Amino acid sequence: MTNNIHNLTLKKVSEQKCFDGWHRQYSHWSEVLGCEMRFAVYLPPHVDNGEDVPVLYWLSGLTCTDENFMQKAGAMRLASDLGVAIVAPDTSPRGEGVPDDPEGQYDLGLGAGFYVNATQAPWNQHYRMYDYVVEELPGLIEKHFPVSEKRSISGHSMGGHGAMVIALRNPERFSSVSAFCPISHPTDCSWGHKAFGAYLGDDQSAWKAYDSVELLKQSDASNPLPILVDQGDADGFLTEQLKPESLLQASAESGYPLSLRMQSGYDHSYYFIASFIEDHLRFHAEHLAG
């Protein structure tokens, strides 16, 4: 089989009815990543009436797959009511020949793509999650499913970083962006230094293209993309890795508005996401309808 033939084929992995809609998993060959990829999609019941529905893309965090959000967040009941599809890709390329952290650590390699286009060997052959999420996956979704070209994007931790970076670099492609406890300033934390040093090399000026704080400083405040960020104040990664105060400072410096809510007593887990996911879904639905 050639890659071109692979590219025309979506293989259904699983299917479950949920709140009168459908949760499905698919695999496909990715030309961008050079491997087989899997994603999950929730289609609300509105599609049965011939409607093309808007899409919320969800990017998960370190060690996660397409399954974490769909199984733990409790998002599908309200997505069914709102008529919003949800698409959750995997967090990295996988499979035979895809490199992993030689030390077997969780914060580099498999499950830790950081939503960048790697420029350094051996990562640059497969680790191009930025292009996958921005171009290839939406093209696939809009070709094969009854969805419109209205998109929003959200994510958690590493995925919150990815959602913010992708939206700020491509504001014309999205109606809104939100994040739960994002890695806000990866050029200033150990997770970011390890991943960016491996994927992007030693030139730290190149890292700024994938840093929400740096992008926010340069973004056009006259036509802002709606941004909602939720952060728990009991998050064990808050001080060393996440640095939400840097987002607020960048927003103040540039005049680019964002809503950052500190939530008392909440940590970094999916219990936190499940507690506030409906706020995020309503936020996105409002802007997708605008």
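Conventions adopted
Residues numbered from 1 in each chain as written. Predicted model: local features only at pLDDT ≥ 70, side-chain atom pairs only at ≥ 80, totals over all residues. Heavy atoms only, no water. Helix = DSSP H or I, 4+ residues; strand = E, 2+ residues; numbered from the N terminus. Rg over C-alpha atoms; globule rule 2.2 N^0.38 Å. Buried < 20%, exposed > 50% of the residue type's maximum accessible area, 1.4 Å probe, protein only. Contact = heavy atoms within 4.5 Å. Salt bridge = Lys/Arg side-chain N within 4 Å of Asp/Glu carboxyl O.

## Quick look at the overall build of the protein chain
Part 1: On a plain count of helices and strands, the protein chain comes out with 10 helices and 9 strands.
Part 2: Relative to its length of 290 residues, the protein chain is compact, with a C-alpha radius of gyration of 18 Å against a globular reference of 19 Å.
Part 3: Taking the principal axes of the C-alpha coordinates as reference, the protein chain spans close to 45 × 40 × 35 Å.
Part 4: Looking at the protein chain as a whole, 59% of its 290 residues are labelled buried.
Part 5: Long-range contacts, defined as pairs at least 24 residues apart, comprise 71% of the intrachain contacts of the protein chain with a sequence gap of at least 6.

## Focus on the pattern of salt bridges
Part 1: Inspection of every chain in the model, using the stated rule, returns 17 salt bridges.
Part 2: The salt bridge involving Asp-107 is made with Lys-194; its shortest N-O contact spans 2.7 Å. Taken together, the residues span a long stretch of sequence, with Asp-107 in the loop between β5 (85–89) and α4 (129–144) and Lys-194 in helix α6 (residues 190–200) at a distance of 87 residues.
Part 3: A relative accessible area of 28% means that Lys-194 is categorised as partly exposed.
Part 4: Here Asp-188 makes a salt bridge to Lys-243, at a shortest N to O gap of 4.0 Å.

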